[in-house]
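Chain by chain, the residues:
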Amino acid sequence: LLNALKNTRVLFRVMQFRPTKDRDFPSDVTKFNNTQNSIKISDFRSNDPVQVYLRKQFAQVSVGAKSCEYKNKRFFERDSNKFPIGIEDFAKTIYSFRYGPDDMEGGTRYLFDTSSKGGYAKVFGDGDARLSDEEFELAAGTFFLCHEVCGLWKKMRESDSSSPALERRWLLFFTVGELFRRGYAGDAEALCRDLSHLANPNAWMQNPAGSVKKAIKEAVELAASAMEEAYNDESAKPDFRHRNWFRTDRTRGEIRRKLEFIAKIRKADFPRLRPRS
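Residues numbered from 1 in each chain as written. Predicted model: local features only at pLDDT ≥ 70, side-chain atom pairs only at ≥ 80, totals over all residues. Heavy atoms only, no water.

**Q** Would you explain the pairing of strand 2 (residues 66-71) in this entry?
**A** Moving residue by residue along a regular strand, the side chains alternate between the two faces of the sheet. Extensive coverage of strand 2 is indicated by the burial of five of its six residues. In this sheet, strand 2 lies alongside strand 1 (residues 62-63) in antiparallel orientation, the contact comprising two bridges. If you follow S62 over to strand 2, its bridge partner there is S67. What sits between strand 1 and strand 2 in their antiparallel hairpin is a turn of two residues, with G64 showing a positive phi close to 65°. Here strand 2 pairs with strand 3 (residues 82-86) via five bridges, running parallel. Paired with K71 across the two strands is G86, which belongs to strand 3. (Buried < 20%, exposed > 50% of the residue type's maximum accessible area, 1.4 Å probe, protein only. Helix = DSSP H or I, 4+ residues; strand = E, 2+ residues; numbered from the N terminus. Pairing = 2+ DSSP bridges.)

**Q** Teacher, can you tell me more about the side chain of R272 here?
**A** Structurally, the position occupied by R272 is in the segment after helix 12 (249-265). Although R272 is buried, it forms no salt bridge, and the closest oppositely charged side chain is D187 at an N-O distance of 4.8 Å. Among the polar contacts listed, one links the side chain of R272 to the backbone oxygen of G183, at a separation of 3.4 Å. Sequence-distant contacts of R272, that is, excluding residues within four places in its chain, are made with F180, G183, Y184, A190 and A215. (Lys, Arg positive; Asp, Glu negative; His and termini not counted. Salt bridge = Lys/Arg side-chain N within 4 Å of Asp/Glu carboxyl O. Polar contact = N/O pair within 3.5 Å; in protein donor to acceptor, adjacent residues only side chain to side chain. Contact = heavy atoms within 4.5 Å.)

**Q** Can you walk me through the packing of aromatic side chains in this structure?
**A** Here the distance between the centres and the angle between the planes together describe a pair of aromatic rings. According to the stated counting rule, one finds 19 aromatic pairs in the structure shown. Geometrically, the ring pair formed by F58 and F136 is edge-to-face, given 5.0 Å between the ring centres and 70° between the ring planes. In this pair, F58 sits in helix 3 (residues 49-58) while F136 sits in helix 7 (residues 133-158), placing the two residues 78 residues apart along the sequence. Of the two residues, F58 and F136, both sit in the buried class. Here the guanidinium or amino end of R45 rests over the ring plane of Y120, the centre of that ring lying 5.6 Å away. Geometry around Y99 places K122 over its ring, the cationic atom sitting 5.0 Å from the centre. (Phe/Tyr/Trp six-rings, centres within 6.5 Å; stacked < 30°, edge-to-face > 60°. Lys NZ or Arg CZ within 6 Å of the ring centre and 35° of its normal.)

**Q** Looking at this structure, how should I read the nonpolar core?
**A** Generally speaking, nonpolar side chains in soluble globular proteins are found buried as a group. Residues F90, F144 and L145 are the most contacted members of the largest nonpolar core, which totals 76 residues. Sequence-distant contacts of F144, defined by excluding residues within four places in its chain, comprise F58, V61, V63, C68, F83, I85, L198, A199, P201, W204 and M205. (Core = buried A, V, L, I, M, F, W, Y, C linked by side-chain atoms within 4.5 Å.)

**Q** Looking at this structure, how should I read the pattern of salt bridges?
**A** Pairing is possible between side chains that carry opposite charge, provided their charged atoms lie close to one another. This structure, assessed with the given rule, holds 22 salt bridges. Among the salt bridges present, the one from D103 reaches R168, with a minimum N-O distance of 3.8 Å. Of the two residues, D103 is situated in the loop between helix 4 (87-98) and helix 5 (108-111) and R168 in the loop between helix 7 and helix 8 (169-183); the sequence distance between them amounts to 65 residues. On the basis of relative accessibility, which here comes to 29%, the residue D103 falls in the partly exposed class. For R168, a relative accessible area of 22% translates into the label partly exposed.

Quick look at the structure:
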């Protein structure tokens, strides 16, 4: 065997670049050397230090009896004993809750754009460094809150009376986020702290009578009402397009106005994840 391999020639290429100044170079190499394969924009970010860090951190978190598996790469084998968290689903969830659906900004390409005009830094920072423990807990808590919202959303969608306004969960995540931001008006630090407490889902997900799950359910119901009212107003206009309603920035403004109206007629405060001390 050694004799057979002795004269074997292997083609390889050496490339030199400066990580600080040629940050996009490795991604460009991957992109242009794989034009024959199906490559998603998120694939170019899968080896970022922050993505590797998220995989390690989530591996220490459990949902029920399943440990989390952050899929920073698409081709991990499915494991029924794991709770999967896809890189795109995670990014879209966090961005939607904080800012609105990424479709309103340009979609997944915008979300994984690391330039100053992209949305990557709004979720993952500069990508070259791990998140702080506090940043991880805030992002993880936000993700698990939205996971709970998603479960309630699916039940709504199964209803025959489900509104077309609830077709996409990303806009619901944003509206729920707006509700909690109003519930914590003037105290963003408290909201971040309470979201961070949700980073350990087993501490609250298994308690259906707990204050967290009650607050989330109330927020989803109020959010759905605001979305339906905003949708009904817009759908009455002659130039209305259902698909565009989920993509235009005007929709965020209309939902905010509906929430302001709900706040005026609502006798109780908007929900909070933990009771006021």
